[in-house]
Amino acid sequence: MSSAGLERPQVVAHVQQALSYTLFDCKWVPRSARLLCLGSAARGTGLLQLYELRGGRLALLREIEKAKPLKCGTFGATSLQQRYLATGDFGGSLNIWNLEAPEIPVYSVKGHKEIINSIDGVGGLGIGEGAPEIVTGSRDGTVKVWDPRQKDTPVANMEPVQGESKRDCWTVAFGNAYNQEERVVCAGYDNGDIKLFDLKTMSLRWETNIKNGVCSLEFDRKDVNMNKLVATSLEGKFHVFDMRTQHPTKGFASVSEKAQKSTIWQVRHLPQNRDIFMTSGGAGSLHLWKYEYPAQRSKKDSEGAEMGVAGSVSLLQNVTLSTQPISSLDWSPDKKGLCVCGAFDQTVRVLIVTKLNKV
């Protein structure tokens, strides 16, 4: 084995826990050794389980049943001190829960006519600015931004214009929240459309199509000037867009990589190093990537307009953990290299990724 091989990060399955229900999302509880699992029980209700990592096992602390299956969740709804959880369910409802008293939501709105596929929050980054908003994307074709301080009505509603067919929105992400005014929402759809909405000007800032259903989108960080955006697709490809320079006609420069033959369900950037990210795949695999910036991130075109220059991606490690798709993935915000993933084999796995400071 070469010395380089010894330095490569390893992905170690630390603990795995079998579940008796379909798992749709898993999340680390900020500032704790706890994690949450959200999903659907066999009888069609929603389940929320809270586990604590105790040495080499997961101890179940609490199990809560809800009327509708829970599809997605985020702790971005509030400050890290408060740690409220926002969830989107199969009935189109957005709820915010205090996990200390989870019987009744602290905020609830019937946000969409159909299932909420994806949710993201931009409150309480600790360093982020502006309102504690939540964005939801639904099968009904709309993307809505909510401020929990405002009841019943979204502060922004991005829907198909008259005559445009509605597309199933599979994924949403906040970005560019570096001061009180600026903020964007990026949404990905089943037909490959990616749309970037500017919430400051309430306009569509950029759109593109990656020719394949967009399964997951994430900015490398929400709380800085837009830097990079990763989009993953149904056909095993992902795209990294350099969001620093927007060309008037060509948009953002990007590099794409074919990771595997099957769907890439999720992408998550390492909170402690935004140039490293993990993708999870339909074949039960995880791939750890590193983005390398080009020597110069922008250049002038023949007309003198600035255009971006894409970097490159290298594979640091990959591992197959399951025979079923790994549909959810979350890095611990507190402990570098600690990761949780959920798969359709009804198993939640806690992983440790080593040597991340060496790459």
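Keep in mind it's a predicted model, so treat the numbers as computed, not measured.

Caption draft 1: Geometry of the overall build of the protein chain. Within the protein chain, the regular secondary structure consists of one helix and 30 strands. Here the C-alpha radius of gyration of the protein chain, 20 Å, is about what a compact globule of 359 residues would show, namely 21 Å. In terms of principal-axis extent, the alpha carbons of the protein chain reach across some 60 × 60 × 35 Å. Residues classed as buried in the protein chain amount to 58% of the 359 residues present. Restricting to contacts in the protein chain with at least 6 residues of sequence separation, those with at least 24 account for 49%.

Caption draft 2: Summary view of the packing of aromatic side chains. Enumeration over the complete set of coordinates arrives at seven aromatic pairs. Taking the centre distance of 5.2 Å and the plane angle of 75° together, the rings of Trp206 and Phe241 count as edge-to-face. With Trp206 in strand β17 (residues 203-209) and Phe241 in strand β20 (residues 237-247), the pair connects residues that are 35 residues apart, well separated along the chain. An identical accessibility class is assigned to Trp206 and Phe241; each is buried. Taken together, a centroid distance of 4.9 Å and an interplanar angle of 85° make the contact between Trp206 and Phe252 edge-to-face. Residue Trp206 is found in strand β17, and its partner Phe252 is found in strand β21 (residues 251-258); the two are separated by 46 residues along the sequence. Accessibility classification places Trp206 together with Phe252 in one group, the buried group.

Caption draft 3: Summary view of the UniProt feature "repeat: WD" (unreviewed entry) in the protein chain. Using the residue numbers shown here, the UniProt feature "repeat: WD" (unreviewed entry) corresponds to residues 134-147. Its end C-alpha atoms 7 Å apart, residues 134-147 is made of 0% helix and 64% strand.

Caption draft 4: Focus on the sheet that holds strand β18 (residues 214-219). Reading across from one edge, β18-β19-β20-β21 is the order of the four strands in this open sheet, with antiparallel pairing throughout. With partners counted over all chains shown, the strands left at the sheet margins are β18 and β21, one partner each. Strand-to-strand twist across the sheet, computed as the mean angle between neighbouring axes with direction ignored, equals 20°. Judged from the seven bridges that link them, β20 and β21 form a sheet pairing that is antiparallel.

Caption draft 5: Region of interest: the side chain of Ser322. Its location among the elements puts Ser322 in the loop between β27 (312-320) and β28 (326-331). Within the local environment of Ser322, its side chain forms a polar contact with the backbone nitrogen of Gln324, the two atoms lying 2.8 Å apart. Not counting the four nearest positions on each side in its chain, Ser322 is found in contact with Ala283, Gly284, Ala343, Asp345 and Arg349.

Caption draft 6: Representation of the pattern of salt bridges in the model. As enumerated under the stated definition, the model contains 23 salt bridges in all. Across the salt bridge formed by Asp147 and Arg149, the nearest N and O atoms sit 2.8 Å from each other. Judged by its relative accessible area of 7%, Asp147 is buried. Judged by its relative accessible area of 63%, Arg149 is exposed. The partner of Lys228 in a salt bridge is Asp220, and the shortest N-O contact between them spans 2.9 Å. On the basis of relative accessible area, Asp220 is assigned to the buried category, the value being 5%. Connected through salt bridges with shared partners, the residues Asp220, Lys228, Arg274 and Asp275 form a single ionic network.

Caption draft 7: Inspection of the sheet that holds strand β30 (residues 347-353) at higher detail. Read from one edge of the open sheet, four strands run β1-β30-β29-β28, paired in antiparallel fashion. This sheet does not close on itself; its edge strands, each paired only once, are β1 (11-18) and β28. Between one strand axis and the next, the sheet turns through 20° on average, direction left out of account. In this sheet, strand β29 (residues 338-343) lies alongside β28 in antiparallel orientation, the contact comprising five bridges. Note that in β29 the partner of Asp330 across the bridge is Val340.

Caption draft 8: The arrangement of the side chain of Thr245 in detail. Mapped onto the fold, Thr245 is located in strand β20. Classification of Thr245 by relative accessible area gives buried; the value is 12%. The contact partners of Thr245, leaving out residues within four places of it in the chain, are Gly251, Phe252, Arg297, Ser298, Glu306, Met307 and Gly308.

Caption draft 9: Seen up close, the nonpolar core. Judged by nonpolar contacts, the single largest core of 18 residues is most densely connected at Met278, Leu286, Leu288 and Trp331. Residues in contact with Leu286, not counting those within four places in the same chain, are Met278, Thr279, Ser280, Gln317, Asn318, Val319, Leu321, Ile326, Leu329, Cys341 and Leu351. Tyr21, Leu53, Leu58 and Leu338 belong to the second largest nonpolar core, which has 17 residues in total.

Caption draft 10: Here's a closer look at the state of the cysteines. Considering all chains together, one arrives at zero disulfides under this definition. Looking at Cys37, it has no disulfide partner, and the nearest cysteine sulfur is the one in Cys26, 5.9 Å off. Not part of a disulfide, Cys215 finds its nearest cysteine sulfur in Cys169, a span of 12 Å.

Quick notes on the rules
Residues numbered from 1 in each chain as written. Predicted model: local features only at pLDDT ≥ 70, side-chain atom pairs only at ≥ 80, totals over all residues. Heavy atoms only, no water. Helix = DSSP H or I, 4+ residues; strand = E, 2+ residues; numbered from the N terminus. Rg over C-alpha atoms; globule rule 2.2 N^0.38 Å. Buried < 20%, exposed > 50% of the residue type's maximum accessible area, 1.4 Å probe, protein only. Contact = heavy atoms within 4.5 Å. Phe/Tyr/Trp six-rings, centres within 6.5 Å; stacked < 30°, edge-to-face > 60°. UniProt positions renumbered as here; feature names shortened; annotations may be inferred. Pairing = 2+ DSSP bridges. Axes fitted to C-alpha atoms, helices over the stretch in contact; angles between N-to-C directions. Polar contact = N/O pair within 3.5 Å; in protein donor to acceptor, adjacent residues only side chain to side chain. Salt bridge = Lys/Arg side-chain N within 4 Å of Asp/Glu carboxyl O. Core = buried A, V, L, I, M, F, W, Y, C linked by side-chain atoms within 4.5 Å. Disulfide = S-S within 2.5 Å.

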